[in-house]
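Below, each chain spelled out in residue letters.
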Amino acid sequence: MARKTIFAVSTPPGMGGIAVIRLSGPLADDTLAAMTDKPLPEPRKAVLRRLFNPHTEENLDHPLVLRFLEGHSFTGEPVVELHLHGGRAVVASVMEALGQRDGLRLAQPGEFTRRAFDHGRLDLSQVEGLADLISAETSSQQRAALHQYSGVIGARCRAWSARLTRGLALLEATIDFADEEIPAETWQVATDEIVGVRDAIRADLGAAHPSERMRDGWRIAILGAPNAGKSTLLNALAQRDAAIVSDIPGTTRDSIEVHLDLGGYPVTLIDTAGIRDADDAIERIGVERANRVAREADLRIAVAAPDARLTEDVTVLLQKNDLLLWNKMDRAASPEPHYIALSARSGEGLDTVIERLRAMADIADPPADALLLHQRHREAMAQALRSLDDYADLASTDPDRIQAAPELAAQLVREAWESLGRITGERGIDRLLDVIFSEFCLGK
Ligand code: GDP
């Protein structure tokens, strides 16, 4: 049965210079023909047309219209775009006229993208890249999303899958034709291919880590004794940087998280003080929780002051490259050179701190060819890696073992193949699809 033609407003709701309504499906062209009084324009050529309601003949707007042919559109289906004047009444009247036509219905959230996926215009990793691109708030997130949308991850996974398929075919051949003459090196050729894929996945997983941070943002924990000036510093950083993205309460009622756009890099500052100062009864839990936040952060800023030196419980949490700040420099000079001196209250020295953070974020910025991974992709790749590691163990411990257990060897390769397929959306993905597509909003 032919699919229904779907339509939706693809621009944000409300008034605007223009509003775009997109139609996708077999009746897109017929609908455009019925609502305009001139022949259909050439594909991909924007033309002005009078648009009217075919039932009432009422004039609706004078929009720019565009059409895309099947196989040459975002969804892969015939697509029509109506670039209307962005008034509420205009949009509402066109939506109503479309709703009155047989074979048309309003698109569900994410349905255009879903159709693009179903028609092979995008793989699943690109769908996620597109969702990231639409929600990107900083330029580094934008870069990461574009990278993913470009399809590099899918292409790499497909290349690996192809090599695994070849390896698997060789393995299966030795199973199926066990009684026949099979060249002795077949096992070795298969194993070389399969272990080669294992090595490539391992290398990419290892290299991907810093870039992942860029997508979700760096998490920076602010540590120090009470009264060192942590809250003052947090406020000063938040105010100094004009581009505060949002300010949401932390995961616990006591911790403060501030989201900043630090020269294009998303950063979350977490003040653990509130957790630490919890009620006596739960003090220990509070301290443990604060320590965990500090350990799991990507960077720690330890704040000391003349009246609040760093104590052992803070210094044990510090790692290489963490920042040491000497606050209240207006009161006393820093006792040691590796502290960055500042006054959170007056703002003196704050620029140096911001510069340092920005420089560190720059280092973490991924090279152009780095693989940028979603958590979901990382997990799927890690799973594929585990299966292939098992295969490599089987193959290396004793060459005879793999020949004694060819079904197990083949099963491991198949598992790895299916794990990679989850990244591009080729296997066992129905439930996953619903989750991913439901994150899209209407008209995308
Ligand atoms: P926290 O407990 O670490 O969050 O510390 P606060 O930010 O609440 O600051 C503790 C006290 O130190 C407050 O009275 C601040 O006004 C003061 N303070 C913070 N920064 C400075 C500074 O740079 N110079 C001076 N003289 N006092 C500061």
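Note that the coordinates shown come from a computational prediction; the quantities given were computed from them, not determined experimentally.

Calculation notes
Residues numbered from 1 in each chain as written. Predicted model: local features only at pLDDT ≥ 70, side-chain atom pairs only at ≥ 80, totals over all residues. Heavy atoms only, no water. Buried < 20%, exposed > 50% of the residue type's maximum accessible area, 1.4 Å probe, protein only. Helix = DSSP H or I, 4+ residues; strand = E, 2+ residues; numbered from the N terminus. Pairing = 2+ DSSP bridges. Contact = heavy atoms within 4.5 Å. Arc of directions from axis to C-beta. Near = heavy atom within 4 Å. Polar contact = N/O pair within 3.5 Å; in protein donor to acceptor, adjacent residues only side chain to side chain. Areas by Shrake-Rupley, 256 points an atom, 1.4 Å probe, with all protein chains shown as cover. Nonpolar A, V, L, I, M, F, W, Y, C, P; charged D, E, K, R; others polar. Axes fitted to C-alpha atoms, helices over the stretch in contact; angles between N-to-C directions. Parallel < 35°, antiparallel > 145°, perpendicular 65-115°, else oblique. Left-handed = near helix turned anticlockwise from the far one by under 90°. pLDDT = per-residue confidence, 0-100. Phe/Tyr/Trp six-rings, centres within 6.5 Å; stacked < 30°, edge-to-face > 60°. Lys NZ or Arg CZ within 6 Å of the ring centre and 35° of its normal.

A. Examining helix α3 (residues 111-118) more closely. Counting buried positions along α3 gives six out of eight residues, so the element sits mostly inside the fold. When α3 is considered as a whole, its buried residues turn out to be E111, F112, T113, R115, A116 and F117. In the stretch just after α3, G120 is the one whose phi turns positive, near 75°.

B. Focus on the pairing of strand β12 (residues 265-271). Burial analysis of β12 places seven of its seven residues in the buried class, the great majority of the element. The side-chain alternation of β12 yields two buried faces, one formed by Y265, V267, L269 and D271 and the other by P266, T268 and I270. Alignment of strand β9 (residues 218-223) against β12, held across five bridges, turns out to be parallel. The residue bridging I220 from the neighbouring strand is L269, located in β12. In this structure, strand β11 (residues 256-262) lies alongside β12, joined through seven bridges in antiparallel fashion. Of the residues in β12, the one forming a bridge with L260 is V267.

C. Seen up close, the side chain of D29. Here D29 is to be found in helix α1 (residues 28-35). Once residues lying within four places of it in the same chain are set aside, the contact partners of D29 are L40, R67 and V80.

D. Spatial organisation of helix α5 (residues 139-149). The set of residues buried in α5 consists of S140, Q141, A144, A145, H147 and Q148. All buried residues of α5 fall inside an arc of 155° around its axis, so they share one side. Just downstream of α5, G151 is the residue with a positive phi angle, here 95°.

E. View of the site of the ligand. In the neighbourhood of the ligand, 15 residues make up the surrounding shell, with N227, K230, S231, T232 and S343 lying closest. Here T232 contributes a side-chain N or O atom positioned 2.5 Å from an oxygen atom of the ligand. One nitrogen or oxygen atom from the side chain of K328 is found 3.0 Å from an oxygen atom belonging to the ligand. Alone, the ligand offers 580 Å² of accessible surface; in the complex the protein occludes 78% of this. Among the residues forming the shell around the ligand, the class breakdown is four nonpolar, six polar and five charged.

F. Here's a closer look at the packing of helix α4 (residues 124-135) against α5. Relative to each other, α4 and α5 sit at 155°, their axes nearing to 7 Å. Classified by the angle their axes make, α4 and α5 are roughly antiparallel. Of the two possible hands of crossing, α4 and α5 adopt the one that is left-handed. Contacts between α4 and α5 involve S125, Q126, E128, G129, L130, D132 and L133 from the former and Q142, A145, L146, Q148 and Y149 from the latter.

G. The arrangement of the confidence of the model for the protein in detail. Per-residue confidence for the protein gives a mean pLDDT of 82; residues scoring 70 or more make up 80%. Predicted confidence for residues 241-253 stays below pLDDT 50, and this span has 22 contacts to residues more than four positions away or in other chains.

H. Quick look at the sheet that holds strand β1 (residues 5-9). Across the sheet, six strands lie side by side as β3-β6-β7-β2-β1-β8; this open sheet has mixed pairing. The two strands at the open ends of the sheet, each matched to only one other strand, are β3 (47-48) and β8 (104-106). Pairing of strand β2 (residues 16-24) with strand β7 (residues 79-86), which is carried by eight bridges, proceeds in the antiparallel orientation. Its bridge partner being in β7, V20 is matched across the sheet by H83. Relative to the sheet, α1 contacts β1, β2, β6 (64-68), β7 and β8, its axis offset from that of β7 by approximately 45°. Taken strand by strand, α3 contacts β1, β2 and β8, and its axis lies near 135° from that of β1.

I. Local environment of the side chain of S24. Here S24 is to be found in strand β2. Overall, S24 belongs to the buried group, its relative accessible area being 0%. At a separation of 2.8 Å, a polar atom in the side chain of S24 contacts the side chain of T75. With near-sequence residues (within four places) excluded, S24 lies in contact with K4, T5, I6, T75, E77, P78, V79, F112 and R115.

J. Quick peek at the pairing of strand β14 (residues 323-326). Here β14 shows no split at all, with L323 and L325 on one side and L324 and W326 on the other all buried. Pairing of strand β13 (residues 299-304) with β14, which is carried by four bridges, proceeds in the parallel orientation. Bridging across to β14, V303 finds its partner in L325. Pairing geometry for β14 and strand β15 (residues 340-341), over two bridges, is parallel. The partner of W326 across the bridge, within β15, is A341.

K. Looking closely at the packing of aromatic side chains. Scanning all chains against the criterion turns up one aromatic pair. With centroids separated by 5.8 Å and ring planes inclined at 75°, the aromatic side chains of W326 and Y339 adopt a geometry described as edge-to-face. A residue pair is termed long-range when its members are at least 10 positions apart, and W326 in strand β14 and Y339 in the loop between β14 and β15 qualify at 13 residues. For the pair W326 and Y339, one class covers both residues: buried. A cation sits over an aromatic face here: R22 above F112, 4.6 Å from the ring centre.

L. Representation of the environment of T56 in the model. With respect to the secondary-structure elements, T56 resides in the loop between β4 (51-52) and β5 (59-61). Taking the relative accessible area as the measure of exposure, T56 reaches 47% and is therefore partly exposed. In the structure, T56 is positioned 41 residues away from A97 in sequence and 9.1 Å away in space, judged by C-alpha atoms.

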